[in-house]
Amino acid sequence: MGKFVISKRTNGEFQFNLKADNGQVILTSEGYSSKAGCENGISSVKTNSQDDSKFDKKTSTNGKPYFNLKASNGQIIGSSEMYESTSGRDNGIASVKKNAPSAATEDIS
């Protein structure tokens, strides 16, 4: 089962990573000034990850596919790693959809 891991960046901001059951990071958040903001971001991922229209499939300048997950207000709440193929990116989206709703939260901040 997947899990959200809250950590603290060197600049003092909080962030979360959504990890699949194999431990691989499948979604990374922006930096939040407060832990409460970070926890709200996790709630937003749990909700919005079930809506296909919230996944924005992109290609980086070096040609690698990735995706952003957006909230209903259009703000990016999480970004994926860079993938080697579009099928890898699509598998990443499927993994977020599967893992996010029931993922536990581990706080290591």
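Rules of the game
Residues numbered from 1 in each chain as written. Predicted model: local features only at pLDDT ≥ 70, side-chain atom pairs only at ≥ 80, totals over all residues. Heavy atoms only, no water. Helix = DSSP H or I, 4+ residues; strand = E, 2+ residues; numbered from the N terminus. Rg over C-alpha atoms; globule rule 2.2 N^0.38 Å. Buried < 20%, exposed > 50% of the residue type's maximum accessible area, 1.4 Å probe, protein only. Contact = heavy atoms within 4.5 Å. UniProt positions renumbered as here; feature names shortened; annotations may be inferred. Expected span 1.5 Å × (residues − 1). Arc of directions from axis to C-beta. Phe/Tyr/Trp six-rings, centres within 6.5 Å; stacked < 30°, edge-to-face > 60°.

1. Regarding the overall build of the protein chain
In terms of regular secondary structure, the protein chain is built from two helices and seven strands. Starting at the N terminus and ending at the C terminus, the protein chain contains elements arranged as β-β-β-α-β-β-β-α-β. Its C-alpha radius of gyration of 13 Å places the protein chain within 12% of the 13 Å reference for a compact globule of 109 residues. The buried share among the 109 residues of the protein chain stands at 41%. Considering only residue pairs separated by 6 or more positions, the protein chain has 45% of its internal contacts joining residues 24 or more positions apart.

2. Examining the UniProt feature "domain: DUF1508" (unreviewed entry) in the protein chain
Per the UniProt entry, the sites bearing "domain: DUF1508" (unreviewed entry) are residues 11-55 and 61-107 in this numbering. In residues 11-55, the share of helix is 31% and the share of strand is 24%. The end C-alpha atoms are 28 Å apart. As annotated, residues 61-107 has a helix share of 30% and a strand share of 30%, and its two end C-alpha atoms lie 34 Å apart.

3. Details of helix α2 (residues 86-99)
Its 14 residues give α2 an end-to-end C-alpha distance of 20 Å, which sits within 8% of 20 Å, the value for a rise of 1.5 Å per residue. Within the span of α2, buried status applies to Gly88, Arg89, Gly92, Ile93, Ser95, Val96 and Asn99. All buried residues of α2 lie within an arc of 160° about the axis, which places them on one face of the element. α2 presents Asn91 and Lys98 as exposed residues on the side facing more than 90 degrees away from its buried surface. Check the buried side of α2 and you find it contacts β2 (14-19), β3 (25-28), β4 (55-59) and β5 (65-70).

4. Description of the packing of aromatic side chains
Enumeration over the complete set of coordinates arrives at four aromatic pairs. Taking the centre distance of 6.3 Å and the plane angle of 20° together, the rings of Phe16 and Tyr32 count as stacked. Taken together, the residues Phe16 in strand β2 and Tyr32 in the loop between β3 and α1 (35-48) connect sequence positions 16 residues apart. With respect to burial, Phe16 and Tyr32 carry one shared label: buried. Among the aromatic residues, ring-to-ring pairing joins Phe4, Phe16 and Tyr32 into one connected group.

5. Topic: the environment of Ala20
Examined against the element boundaries, Ala20 turns out to sit in the loop between β2 and β3. By relative accessible area, which is 10% here, Ala20 ends up buried. In this structure the C-alpha to C-alpha distance between Ala20 and Arg89, which are 69 residues apart in sequence, comes to 14 Å. For Ala20, the residues in contact, after removing those within four places along its chain, are Gly2, Ile26, Ser95 and Asn99.

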